[in-house]
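As a plain string of letters, each chain reads:
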Amino acid sequence: MPAKVFKLLIITLIPWFLHAQAGDSTYADRLGFPKGSRVLILHVDDAGMSFDSNDGAELALTKGVSTSVSVMMPCPWVPGFVAFLKKHPEIDAGIHLTLTSEWDSYRWGPVSIRKIGSGLIDSCGYLWPSVAEVVKHASADEIEMEMKAQLEKARSMGFNPTHLDTHMGTVFGSPEFITRYIGLGLKYNIPVMLPGGNDELIKAEAMLPDAMVVELRLLGRQLWYAGLPVLDDLHNYSYDWVIPADIASDDKKLNDFKTKKYIEAIKSLKPGLTMMIMHCTNTSPEFKYISSSGPTRKGDLLAMMNPKFREALAQEGIILTTWREVKKRRDKIIPYFIQ
């Protein structure tokens, strides 16, 4: 079908499709959670990026309430985190498919190829700093090759991921990229992060047009019928919460601020399966040489370990889950084609 015809069809179907979806059950309902419940994956991004990232992720997962994590396979501290995962096989860990290298003085290259001239890398051999540059320079074949190489690297290290997601949302930068991303999940029977349900949070956050929401829901339905679990929504606000300058270096005030923000966030959740992204990092004085985001990341860690947040989750009746659990639940629903 020509692209113009497809776009016209999507636009024509928007009113019907949005109406049809309004009465549908959530993916959480379909997975067998209590009807109307709010089910949450508290997900830590960026494990493997640095020692501080690993330390923060480990604390959030073992002493805090975080339930899931994903690993940046091109980064230098991956072996340390994989060693942790082998000691804690119960941890729900996926691959944070990494196609960008965004920091100025601390960078990494691809797993698949280092040859200058590849569309994956800049003139210095590192992954491009921005999503826009990746979309401009890299082909879908190169993106698929790199994603597969990251998955194969993990498996060769004895790390079998529970899911795939995307650093900086790069795979959503191009229809061709997202097609290869979903295809990788289907080929290896690994869940992929895709908000394909009500999408109230992600729509408000990213100001997505109705046409894009429809496309996400259509992709979600395809994933579901192919046998993989689907998110109803995605909460990706926390990295953009502005930390007031007067509390950035005060852990107590930072803890109070971030915990309050996360409590407000869980109160905003709609029924369904939601993934909430954070970047728990136990920042050392040296982390500032990697990124200025240290206070944001440290605040995430402090909030996940704060008893007040744990209490709020219970008071709100939030059901915590993992990618491993939702995949097991999806596997029990057979046959796929008659749902």
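Residues numbered from 1 in each chain as written. Predicted model: local features only at pLDDT ≥ 70, side-chain atom pairs only at ≥ 80, totals over all residues. Heavy atoms only, no water.

Enquirer: Looking at this structure, how should I read the overall build of the protein?
Expert: When helices and strands are counted, the protein shows 13 helices and 7 strands. Dimensions of the protein along its principal axes, counting C-alpha atoms only, are 55 × 55 × 40 Å. The proportion of buried residues among the 339 residues of the protein is 53%. A total of about 15,100 Å² of accessible surface is found on the protein, and carbon and sulfur atoms cover 58% of it. Between the centroid of the 38 positive side chains of the protein and the centroid of its 39 negative side chains there is a distance of 4 Å. (Helix = DSSP H or I, 4+ residues; strand = E, 2+ residues; numbered from the N terminus. Buried < 20%, exposed > 50% of the residue type's maximum accessible area, 1.4 Å probe, protein only. Areas by Shrake-Rupley, 256 points an atom, 1.4 Å probe, with all protein chains shown as cover. Lys, Arg positive; Asp, Glu negative; His and termini not counted. Charge placed at Lys NZ, Arg CZ, Asp CG, Glu CD.)

Enquirer: How do you make sense of the packing of aromatic side chains when you look at a structure like this?
Expert: Two measures describe an aromatic ring pair: the distance that separates the ring centres and the angle between the ring planes. If you walk through the whole model with that rule in mind, you get 7 aromatic pairs. Ring geometry for Tyr27 versus Trp224: centroids 5.3 Å apart, planes at 50°, classification tilted. You can see Tyr27 sitting in helix H2 (residues 27-30) and its partner Trp224 sitting in helix H9 (residues 210-225), a full 197 residues away along the chain. Both residues of the pair, Tyr27 and Trp224, count as buried. On the basis of an interplanar angle of 80° and a centroid distance of 6.0 Å, the ring pair of Tyr106 and Trp108 is categorised as edge-to-face. Among the aromatic residues, those joined into a cluster by ring pairs are Trp241, Tyr262 and Phe309. One cation-aromatic arrangement involves Arg30 over Tyr27; the distance from NZ or CZ to the ring centre is 4.5 Å. (Phe/Tyr/Trp six-rings, centres within 6.5 Å; stacked < 30°, edge-to-face > 60°. Lys NZ or Arg CZ within 6 Å of the ring centre and 35° of its normal.)

Enquirer: Any chance you could explain the packing of helix H6 (residues 140-156) against helix H7 (residues 175-188) here in plain terms?
Expert: A packed helix pair is summarised by two numbers, namely the angle formed by the two axes and the spacing between the axes. Close contact between H6 and H7 brings their axes to 9 Å; oriented N to C, the two are set at 35°. As for the relative orientation of H6 and H7, their crossing is right-handed in sense. Packed against H6, whose contacting residues are Ala140, Asp141, Ile143, Glu144, Met147, Lys148, Leu151, Glu152 and Arg155, the element H7 presents Glu176, Phe177, Arg180, Tyr181, Leu184, Lys187 and Tyr188 at the interface. For the contact of H6 with H7, the per-class residue count stands at 8 nonpolar, no polar and 8 charged. (Axes fitted to C-alpha atoms, helices over the stretch in contact; angles between N-to-C directions. Left-handed = near helix turned anticlockwise from the far one by under 90°. Contact = heavy atoms within 4.5 Å. Nonpolar A, V, L, I, M, F, W, Y, C, P; charged D, E, K, R; others polar.)

Enquirer: Please clarify how unusual backbone geometry should be interpreted in this entry.
Expert: Comment: phi is negative for the bulk of residues other than glycine, and the bulk of peptide bonds are trans. Phi at Asn189 is positive, roughly 55°, even though this residue is not glycine. Position of Asn189 relative to the elements: it lies in the loop between H7 and helix H8 (200-206). Residues other than glycine seldom take positive phi values, yet Asp199 does so here, at roughly 55°. In this structure, Asp199 sits in the loop between H7 and H8. Given the relative accessible area of 0%, Asp199 is considered buried.

Enquirer: What am I meant to see in the pattern of salt bridges here?
Expert: Oppositely charged side chains are able to pair whenever their charged atoms sit close together. Considering all chains together, one arrives at 12 salt bridges under this definition. One salt bridge in this structure joins Lys252 and Asp256, with 3.4 Å as the shortest N-O distance. A residue pair is termed a helical-turn pair when its members lie 3 or 4 positions apart in one helix, as Lys252 and Asp256 do in helix H10 (residues 251-267) at 4 residues. The exposure class of Lys252 is exposed, given its relative accessible area of 60%. Several salt bridges converge on common partners, so that one network encompasses Asp141, Glu144 and Arg180. (Salt bridge = Lys/Arg side-chain N within 4 Å of Asp/Glu carboxyl O.)

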